[in-house]
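As a plain string of letters, each chain reads:
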There are 2 protein chains.
Amino acid sequence: MSHSLSIAPPRPKDLPLNALRAFEVSARLGGFAAAGQELNVSPGAVSAHVKTLEEAVGAPLFQRTARGVVLTPLGRRVLPEFSRAFDDLAAAVRLLRSEAAPNTVHIATLPSVAQLWLSPRLPELRRIAPEISVSITALEEPPNLKRTPYDLCLFFDESRGQQVAEDWIFPVCAPGFGTLTDPADLRRVACITDTTWRDDWQDWAGQDVAAQGPVYSLYALALEETLNGAGVLMGHLPLVERHLAAGTLREPFGRRVKTPRALRVWSVRPTASGAARRVMDWLSDSR
Amino acid sequence: MSHSLSIAPPRPKDLPLNALRAFEVSARLGGFAAAGQELNVSPGAVSAHVKTLEEAVGAPLFQRTARGVVLTPLGRRVLPEFSRAFDDLAAAVRLLRSEAAPNTVHIATLPSVAQLWLSPRLPELRRIAPEISVSITALEEPPNLKRTPYDLCLFFDESRGQQVAEDWIFPVCAPGFGTLTDPADLRRVACITDTTWRDDWQDWAGQDVAAQGPVYSLYALALEETLNGAGVLMGHLPLVERHLAAGTLREPFGRRVKTPRALRVWSVRPTASGAARRVMDWLSDSR
DNA sequence: AAACTAGGGTCAGAAAAAGTGAGTCATTCC
DNA sequence: GGAATGACTCACTTTTTCTGACCCTAGTTT
């Protein structure tokens, strides 16, 4: 038995909150890199946090392998408790936010959806519900609603939440782009690709297509180039229908393919607060 | 309605954990100064944290008055959720600690008890339970067990936990200190006082006594001086009985007064982990 | 087998956060 | 009126956190 009659370090200093969170996220997501993404920090930072914690506790929480990390029995044993605590904490934060600003709704969505689908519809929302203030954050991936401060997620997804619009894909181009009568003609022209939908051409063609042509990281940019006559873009119905209706884009072929991932909206748990609920319903009713 | 199509600050950055904790503690204890004590930081640090949080949230959580702070309705509304979340988090930390070091027991106690009562008994514990490792932290006040990393509290208290020893008080002095036959003689000599028991002399005499004589902030130090013949000390039975038995202290008067605050031990919740439970039982059985 | 990839670990330096301590101010208590 | 309480402010220091570049290992691909 060893005693430490410590008056010097008057406290065994309790464990740092941020390190605990780093552990919980890493354990839940199964890796430091993934945790770094959710926490918006580099993997090294997460690694350091976990190491700090392990040293403070005096026992390893992860077993390191060259391919990643695995929870130790100790880590596995305590993870659920931490997950629950942090879930509750996040819920408390959500409550705080919604009580402090009951008429503000934070929406997370794809950059392309934000710009091409949501933004044009906002004036109508303002007309219908002028007291609601909407803030939109563009993200490449749907965030973990349980842990992030968003009220609604609006993304293309197979099953979550309520459907807002179906996703049909088909080539589109500028009205005066030139003659395209047969899909085979596509081999002659620039087929524009967006990084978030790398497989669009294959999905539409139903076969392997060597995607030749420029690649953009923002769909809205790709669309802009298409309007300028730079090539043929794989259009997503919700994102291009206004241009089709306005005649600023045309659809050279009749063939449309429905993807399994519709534009859908969801919130944390079934229950969303008042304003968020209203916006969600409004989104679902949108044409 | 105002929109912010933010790509620039890609995230509404979630609320800082430490600020949330500062809020919770301040709200629970009803002040920043008290919170600072529990958190082991200065009041200014707590104040700054809360301010950060209020700015991030965009609404005040406390109403400041000259005499302290009062929760706003918003603060009152969300406090329970935060308290619960932080309680759970602390419980998870406790679990982690106990699983990582199942045979370590952290005891918080008064400096005087640590040195004069607990320390002499530890060899016996080592004999009985050699696998248990005890760490002792001396604190002036019983810590909030729900939030601090201690397994057991050993303090003088009226009601909490299990009784370990009764607290009787009576003057003691070195064997050759001189003749003291009547309490009135005390007026001639130095009556040593300890800061944590400022009222001892009054409690024993049953009347106002102008406590003349040196004041020590550590009882063990006051006792040391008493052994050296520097004066008369108000003895607490559990802390001086060994010296009485050994003859290194004598009790000049027969009068002993029992205080309502016995030496008691308690742990978080009724249930303590294995090793903590064993130590607690051993303490309760101690003579 | 060589190259590639995914994931961690480490380090030095930079940036941000947290903390302190002294001094201020406004009440309330005596 | 004076002391005590409790919070705020400000300049400054200390600690924590983060990054970015680099290394390492073990599967995977070519």
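What you are looking at is a predicted structure, and each value in this text was computed from that prediction instead of being measured.

Caption draft 1: Looking closely at the protein's contact with DNA strand D. Around DNA strand D, 17 residues are found, and the nearest of them are A:Ser42, A:His49, B:Ala33, B:Ser47 and B:Arg64. At a separation of 2.9 Å, a phosphate oxygen of DNA strand D approaches a polar backbone atom of B:Phe32. Interatomic distance of 2.6 Å between a side-chain N/O atom of B:Ser47 and a phosphate oxygen of DNA strand D. Of all the secondary-structure elements, those providing two or more residues to the surface near DNA strand D are helix H3 (43-57) of chain A together with helix H2 (32-39), helix H3 (43-57) and strand E3 (68-71) of chain B. Residues of the surface near DNA strand D, tallied by class, amount to 7 nonpolar, 6 polar and 4 charged.

Caption draft 2: Main features of the domain arrangement of chain A. All names here are of chain A. Segmenting chain A into domains produces domain 1 (17-96), domain 2 (102-161 + 263-285) and domain 3 (168-258). The straight-line distance from the C-alpha centre of domain 1 to that of domain 2 is 29 Å. Each partner contributes residues to the interface: domain 1 has 8 residues there, and domain 2 has 7 residues. Surface buried jointly by domain 1 and domain 2 totals about 630 Å² across both partners, of which 35% is contributed by carbon and sulfur atoms. For domain 1, the biggest contributors to the area lost against domain 2 are Glu-38, Asp-87 and Arg-94; these three give 72% of the whole. For the pair domain 1 and domain 2, the number of links is 3 salt bridges. A salt bridge links Asp-87 to Arg-147; its shortest N-O distance comes to 2.7 Å. Counting every contact that joins domain 1 to domain 2 gives 6 residue pairs in polar contact (both at pLDDT 80 or more).

Caption draft 3: Helix H5 (residues 111-128) of chain A, seen in detail. Residues and elements named next belong to chain A. Helix length check: H5, at 18 residues, gives a terminal C-alpha distance of 24 Å against a target of 26 Å (1.5 Å per residue), a fit within 8%. Where H5 bends most, the angle comes to about 50 degrees, and this point is Leu-118, followed within four residues by the proline Pro-120. Pro-111, Ser-112, Val-113, Ala-114, Leu-116, Trp-117, Leu-118, Arg-121, Leu-122 and Leu-125 are the residues of H5 that are buried.

Caption draft 4: Quick look at the protein's contact with DNA strand C. Contacts to DNA strand C come from 17 residues, most closely from A:Gly31, A:Ala33, A:Ser47, A:Arg64 and B:Ser42. At 3.0 Å, a backbone N or O of A:Phe32 approaches a phosphate oxygen of DNA strand C. Among the secondary structure elements, those contributing two or more residues to the surface near DNA strand C are helix H2 (32-39), H3 and strand E3 (68-71) of chain A together with H3 of chain B. Here the surface near DNA strand C is built from residues that sort into 7 nonpolar, 6 polar and 4 charged.

Caption draft 5: Region of the structure containing empty space enclosed by the protein. All names here are of chain A. As enumerated under the stated definition, the model contains 4 cavities of 30 Å³ or more in all. Lining the largest cavity are Leu-110, Pro-111, Ser-112, Glu-140, Asp-194, Thr-196, Trp-197, Ser-217, Leu-218 and Tyr-219. For the lining of the largest cavity, the residue count by class is 5 nonpolar, 3 polar and 2 charged. When residues of the lining of the largest cavity are sorted by domain, at least three fall in each of domain 2 (102-161 + 263-285) and domain 3 (168-258).

Caption draft 6: Just the pattern of salt bridges, in detail. Taken as a whole, this structure holds 32 salt bridges over all chains when the rule is applied. Salt-bridge contacts for B:Arg147 lead to B:Glu24; the nearest nitrogen and oxygen are separated by 2.7 Å. With a gap of 123 residues between them, B:Arg147 in the loop between strand E5 (133-138) and strand E6 (152-157) and B:Glu24 in helix H1 (residues 17-29) connect regions that are remote in the sequence. For the residue pair B:Arg147 and B:Glu24, the accessibility class agrees, reading buried in each case. Through salt bridges with shared partners, a single network forms among A:Glu24, A:Arg28, A:Glu38, A:Asp87, A:Lys146 and A:Arg147.

Caption draft 7: Seen up close, the pairing of E3(B). Residue and element names in this part refer to chain B. Side-chain alternation along E3 places Val-69 and Leu-71 on a buried face and Gly-68 and Val-70 on a face that remains uncovered. Judged from the 4 bridges that link them, strand E2 (residues 62-65) and E3 form a sheet pairing that is antiparallel. Looking at the pairing, Phe-62 lines up with Leu-71 of E3. Adjacent in sequence and paired antiparallel, E2 and E3 are bridged by 2 residues.

Caption draft 8: Here's a closer look at unusual backbone geometry. Positioned with a positive phi, A:Asn40 is a non-glycine residue whose angle comes to about 65 degrees. With respect to the helices and strands, the residue A:Asn40 is situated in the loop between H2 and H3.

Caption draft 9: Representation of the packing of H5(A) against helix H9 (residues 274-285) of chain A within the structure. Residues and elements named next belong to chain A. In the contact formed by H5 and H9, the axes pass within 11 Å of each other and the chain directions differ by 120 degrees. Our classification of the angle between H5 and H9 gives oblique. At the point where H5 passes H9, the crossing takes the right-handed sense. Side by side, H5 and H9 meet where Trp-117, Leu-118, Arg-121, Leu-122, Glu-124, Leu-125 and Ile-128 of the first sit next to Arg-278, Val-279, Trp-282 and Leu-283 of the second. Taken together, the residues of the contact of H5 with H9 break down into 8 nonpolar, no polar and 3 charged.

Caption draft 10: Molecular detail of the interface of chain B and chain A. Each partner contributes to the interface: chain B provides 56 residues, whereas chain A provides 56 residues. Summed over both partners, the interface of chain B with chain A comes to about 5400 Å²; 65% of that surface belongs to carbon and sulfur atoms. Between A:Asp14 and B:Arg21 there is a salt bridge, and its shortest N-O distance comes to 3.8 Å. Listed by contribution, the elements that provide at least two residues to the side of chain B that touches chain A are strand E1 (3-6), H1, H2, helix H4 (73-100), helix H5 (111-128) and E5 of chain B. Among the elements that make up the side of chain B that touches chain A, the one with the highest residue count is H4(B) (17 residues). Tallied by class, the residues present in the side of chain B that touches chain A amount to 33 nonpolar, 11 polar and 12 charged.

Thresholds applied
Residues numbered from 1 in each chain as written. Chains lettered and ligands numbered in written order. Predicted model: local features only at pLDDT ≥ 70, side-chain atom pairs only at ≥ 80, totals over all residues. Heavy atoms only, no water. Near = heavy atom within 4 Å. Polar contact = N/O pair within 3.5 Å; in protein donor to acceptor, adjacent residues only side chain to side chain. Helix = DSSP H or I, 4+ residues; strand = E, 2+ residues; numbered from the N terminus. Nonpolar A, V, L, I, M, F, W, Y, C, P; charged D, E, K, R; others polar. Domains from an automatic or database assignment. Contact = heavy atoms within 4.5 Å. Buried area = accessible area lost by both parts, 1.4 Å probe. Salt bridge = Lys/Arg side-chain N within 4 Å of Asp/Glu carboxyl O. Expected span 1.5 Å × (residues − 1). Bend = angle between axes of the 7 residues up to and from the residue. Buried < 20%, exposed > 50% of the residue type's maximum accessible area, 1.4 Å probe, protein only. 1 Å grid on protein atoms, 1.4 Å probe; cavity = no way out; pocket = protein on both sides within 12 Å on 5 of 7 lines; lining within 4 Å. Points joined across faces, edges and corners; volume = space filled by probe spheres on them. Pairing = 2+ DSSP bridges. Axes fitted to C-alpha atoms, helices over the stretch in contact; angles between N-to-C directions. Parallel < 35°, antiparallel > 145°, perpendicular 65-115°, else oblique. Left-handed = near helix turned anticlockwise from the far one by under 90°.

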